[in-house]
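Structural features, examined
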Amino acid sequence: MNKNLAIMAAAAVAVVVAYYVYSSASGNDASTQRAVLETGALLAEVKLPPDLSETAKIGKRAFDAVCADCHGDNAAGRNGMGPPLVHKIYEPSHHGDAAFLLAVRNGVRAHHWDFGSMPPQQGLTNGDVKGITQYVRELQRVNGIE
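Residues numbered from 1 in each chain as written. Predicted model: local features only at pLDDT ≥ 70, side-chain atom pairs only at ≥ 80, totals over all residues. Heavy atoms only, no water.

Attention shifts here to the pattern of salt bridges. When charged atoms on two side chains of opposite charge get close, those side chains can pair. Counted according to the given criterion, the structure contains five salt bridges. Across the pair Lys 57 and Asp 51 runs a salt bridge whose closest N-O atoms are separated by 3.7 Å. With a closest N to O distance of 3.4 Å, Lys 57 and Glu 54 form a salt bridge. Placement of the pair is Lys 57 and Glu 54 together in helix H3 (residues 54–71), with a separation of three residues, close to one helical turn. Here Lys 57 falls in the partly exposed class, since its relative accessible area comes to 30%. Bridged by salt links that share partners, the residues Asp 51, Glu 54 and Lys 57 form one connected network. (Salt bridge = Lys/Arg side-chain N within 4 Å of Asp/Glu carboxyl O. Helix = DSSP H or I, 4+ residues; strand = E, 2+ residues; numbered from the N terminus. Buried < 20%, exposed > 50% of the residue type's maximum accessible area, 1.4 Å probe, protein only.)

Phe 100, Ala 103 and Val 104 are the residues of helix H4 (residues 97–106) that are buried. Projected onto a plane normal to the axis of H4, the buried residues spread over an arc of 95 degrees and lie on a single side. Projecting away from the buried face of H4 at angles above 90 degrees are the exposed residues Ala 98, Leu 102 and Asn 106. Following H4 by one or two positions, Gly 107 adopts a phi angle in the positive range, close to 80 degrees. (Arc of directions from axis to C-beta.)

Bringing unusual backbone geometry into the picture now. The phi angle at Asn 74 is positive, at roughly 55 degrees, despite the residue not being glycine. Along the chain, Asn 74 turns up in the loop between H3 and H4. The backbone phi angle of Ala 75 is positive, close to 60 degrees, even though this residue is not glycine. Along the polypeptide, Ala 75 turns up in the loop between H3 and H4. By relative accessible area, Ala 75 is classed as buried at 0%.

By themselves, these observations are geometric and do not establish any function.
Next comes the structure, spelled out in structure tokens:
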């Protein structure tokens, strides 16, 4: 009887171990998928609006100059460098426009992603940040994030 119980327990442990090994190897979680990508590769596919407002056009120029190195072209994120801003996490109801200004001025402690903390950004005026925020919001809207 004890022999049968030991065999059943060993089989159960083997099933659990096989499940964890298989699910880890399948690459379904975001960190595994990011690890497979080349460092700096864009993380999101971003649809572009047919046209940008004047404020967003100015914001795009500032974004490209200061933010795109980490957050990628069109805020698509870059593997190992910075998260996509065209993402549900950054929708206005979760991260309001003021959050962008605070992030630029004070930096951001890592809390949603494992990219590390964002340092404060120098050389951007409040107007620049307003334009960047407008640019990101217009990208978000065309990608279904409101």
